[in-house]
Amino acid sequence: MVFTPCIIIPIYNHGRTITATVNQLASYQYPILIVDDGSDEDTQAVLADLAASCALVTLYRLPQNRGKGAAVVHGLTQAESLGFTHGLQIDADGQHAVQDVARFMQAGSQAPQAVILGKPVYDDSVPKSRLYGRYVTHVFVWLETLSFEIKDSMCGFRLYPLAAVKRLLAHTHLPERMDFDTAIAVRLAWQGVRFVNVATRVVYPADGLSHFDLLHDNVRITKMHTRLCLGMLWRAPLLLARKLVPAPAKPAAAVPASSAASASAPHWSSYPERGSSLGMTVLLASYRWLGKPIARLMLYPIVFYFLLTNTAARQSSQLYLQRLSQSTSQPTPQGTWAIFQHMLMFARSALDKFSAWIGDIPNSQVTVHGLEHLSVSGQSSSGQAQQGALIVSAHLGNIEMARALAVQRKLTINAVVYTEHAQRFNTLLAKSSADFGVNLLQVSQFGPDTAVMLKEKIEQGELVVIMGDRTPPAENGRVVTADFLGYPAQFAQGPWILASLLECPVFLMFCLSDAQAHNIFLEPFAEQVVLPRKERQQYVAGYAQRYAQRLEAYCRQYPLQWFNFFNFWK
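The structure presented is a predicted model; accordingly, all values stated were derived computationally and were not measured.

A.B. asks: Sorry if this is basic, but what is going on with the overall build of the protein chain here?
C.D. replies: Within the protein chain one finds 17 helices and 16 strands. The buried share among the 570 residues of the protein chain stands at 49%. Put simply, 79% of the contacts in the protein chain that link residues at least 6 apart link residues at least 24 apart. By element, 56% of the accessible surface of the protein chain is carried by carbon and sulfur atoms, the whole surface being about 26,700 Å².

A.B. asks: I tried to follow the nonpolar core on my own but got confused; where do I start?
C.D. replies: Soluble, globular proteins show a tendency: their nonpolar side chains are buried together. Within the largest apolar cluster, 67 residues are counted, with the highest numbers of intra-cluster contacts made by Leu390, Leu396, Phe484, Phe491, Tyr547 and Leu551. Sequence-distant contacts of Tyr547, that is, excluding residues within four places in its chain, are made with Val392, Ser393, Ala394, Gly468, Asp469, Phe491, Trp496, Leu508 and Phe525. Core analysis: the second largest hydrophobic core is formed by 40 residues, Leu33, Val73, Val186 and Phe195 among them.

A.B. asks: Is there a simple way to explain the environment of Gln113 in this structure?
C.D. replies: With respect to the helices, strands and loops of the structure, Gln113 is situated in the loop between helix 4 (101-110) and strand 5 (115-122). Taking the C-alpha atoms as reference, Gln113 lies 9.6 Å from His86; in sequence the two are 27 residues apart.

A.B. asks: How do you make sense of the packing of aromatic side chains when you look at a structure like this?
C.D. replies: Centre-to-centre distance and the angle between the planes together describe a pair of aromatic rings. Under the definition given, this model contains 29 aromatic pairs. Taken together, a centroid distance of 5.2 Å and an interplanar angle of 25 degrees make the contact between Trp496 and Phe525 stacked. Placement of Trp496 in helix 16 (residues 494-502) and of Phe525 in strand 16 (residues 518-526) is noted, with a sequence separation of 29 residues between them. Using a relative accessible area of 7% as the deciding quantity, one classes Phe525 as buried.

A.B. asks: How should I be thinking about the sheet that holds strand 1 (residues 5-11) in this particular structure?
C.D. replies: Working definition: the strands of a sheet are paired by backbone hydrogen bonds and lie parallel or antiparallel to each other. Ordered by their spatial adjacency, 7 strands build an open sheet running 3-2-1-4-6-5-7, and the pairing between neighbours is mixed. With one partner strand each, in any of the chains shown, strand 3 (57-62) and strand 7 (195-202) form the two edges of the open sheet. Each neighbouring strand pair of the sheet contributes to a mean axis angle of 25 degrees, computed without reference to strand direction. As paired elements, strand 1 and strand 4 (residues 86-89) share 4 bridges and run parallel to each other. Note on strand 4: the bridge partner recorded for Pro5 is His86. Helix 6 (residues 162-169) rests against strand 4 and strand 6 (158-161) of the sheet, and its axis sits at about 70 degrees to strand 6. The strands touched by helix 7 (residues 180-190) are strand 4, strand 5, strand 6 and strand 7; relative to strand 6, the strand with the most contacts, the crossing angle is about 45 degrees.

A.B. asks: Please explain the pairing of strand 16 as it appears in this structure.
C.D. replies: On a regular strand, each side chain points to the face opposite its neighbour's, so the side chains alternate between the two faces of the sheet. Where burial is concerned, most of strand 16 is hidden: 8 out of the 9 residues are buried. Pairing geometry for strand 8 (residues 366-369) and strand 16, over 4 bridges, is parallel. The residue bridging Val368 from the neighbouring strand is Ile520, located in strand 16. Direction of pairing for strand 15 (residues 506-513) relative to strand 16: antiparallel, over a ladder of 8 bridges.

A.B. asks: Just to check I follow, could you spell out helix 16 for this structure?
C.D. replies: Note that an α-helix has 3.6 residues per turn; residues three or four places apart therefore point the same way. Most of helix 16 is tucked away, with 7 of its 9 residues classed as buried. Listing the buried residues of helix 16 in full gives Pro495, Trp496, Ile497, Leu498, Ala499, Ser500 and Leu502. Two residues or fewer past helix 16, Glu503 is found with a positive phi of approximately 55 degrees.

Definitions and cut-offs
Each chain carries its own residue numbering, running from 1 in the direction its sequence is written. Where totals are concerned, whole chains, interfaces and linings use all residues; where local detail is concerned, this predicted model gives features only for residues with pLDDT of at least 70, and gives and counts side-chain atom pairs only at 80 or more. Hydrogen atoms and water are omitted, and side-chain values are computed over all heavy atoms in the structure. For helices the rule is a DSSP run of H or I covering at least 4 residues; for strands it is a run of E covering at least 2, with both sets numbered from the N terminus onward. Between buried and exposed lies partly exposed: a residue is buried under 20% and exposed over 50% of the maximum accessible area for its type, with that area taken using a 1.4 Å probe on protein chains only. Between two residues, a contact is recorded if the distance between any of their heavy atoms is within 4.5 Å. Areas reported as accessible are Shrake-Rupley estimates using a 1.4 Å probe. Residue values count occlusion only from the protein chains shown. As used here, the term nonpolar core means buried Ala, Val, Leu, Ile, Met, Phe, Trp, Tyr and Cys residues forming a set that is joined through side-chain atoms within 4.5 Å. Geometry of aromatic contacts follows a simple scheme: Phe, Tyr and Trp rings, the Trp one being its six-membered ring, pair when their centres are within 6.5 Å, and the pair is stacked under 30 degrees between planes, edge-to-face over 60, tilted otherwise. At least two DSSP bridges between two strands are required for those strands to pair. Fitted lines through C-alpha atoms give the axes, limited to the stretch in contact for helices. The angle between two N-to-C directions lies from 0 to 180 degrees.

Remember, this is a structural readout, not a statement about activity or role.
Encoded structure:
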């Protein structure tokens, strides 16, 4: 496709700012179509001077004020009739960063079939009511499109592919005022148009002129969302099909249950942390102020979105559940609903972590199994420090909740975590409790200094917890292959090598939930891990296989609480 863009500026009484805006835009040498939406005489005079002095400007005038949407549609229609392929909409009031025009145009030339949406980055000038109010529309748009592809539907800085707009206008009447930007974005999404989001600075000038009518425009927006939500209902099968059914051109996207994972599958540490800090903050604030039942209800649309958009996690969940089913005669959840429940259980575990750290889980809801095995922490009756222990756990259930309970009960459990992982969520947990960072040992990779530090903890009678079901992020991290759910999988050698260096007892611990309570299972694994030099690899493999077998056993009892949403078998 030949990329031939122009710039479209709707304007209503912004005579003081339009000249500066046009002068900045003129440096890009794109044709500029200004649509005057019935402005006052002073603005009309300014526009007439601009059209006469700047060869790039073409001026259109609507006889009376009809609204921003009407002006933009008029400009888009005129642009298409003039032979342009794309129209860049930008406000006349100086809110938008003109220096980002080049970025929008570059994105449009690379994805000519897509709408290039501005994703606002605000400074302190933005009114807080406007900032927070936008999130209501964001949530509605995500529901109306069954997608998170549209990051901000209200930003008026965007590049339209005019062919798609023409198809839409041929059979759809769009609203003409402040509800226009959102309505056209949602309806283009319904047509299957892609969206590319470009971060751009947006300011609110102190003397800026806003045409937003608090009463009437909010009523219009409410009516618009009502219509769009109803329109989504009968379109839902098609929208879901686009998310759940692999495109014919990409058959490799599906993950066959019987096939081994590709050797080129990405490492777990390369998956980005999902969820924005603001979204997590809102959810946890809802928990504090509205209660846990309301927060749990809020998880449903969030998880539904991730089910639709996170293809890798969805396929990995499906693969895990299928292999779990193949490895046991017990009934195992299967299908899309099971995958949704799997993701929902993970989201609920995040709320449980928050509950634990703010002290909202009573002792009556926690049952500890096997505590009698653990008599190593603290001091003996003679006052001598007892030896500590190494606890190997997994991303099965909610080990973070167990650590929170231990802190509240004055037990010393040191949790070893990778520094780069889940930073946003951990930051929120740290804000919820001053004790969160206590005994949280963040490391980038294991080395001699880490082993020395942990050895000191053990000698002081403390407990050290490490996960055994994640391979190390470092490229030179050592792994060993063990059978897990009937297929070979890689496990880290680190826990067993560390155990041999610490020369202490080793336990397994899992914190799992059912309808009645949270259950902490603690079981002895080895009095001491010994790795003879000549048979070291063989012994490491043996410990890893024993660990994998116990992990399997708990997965069968709690099939939806193993939270490794990546391809584990590779």
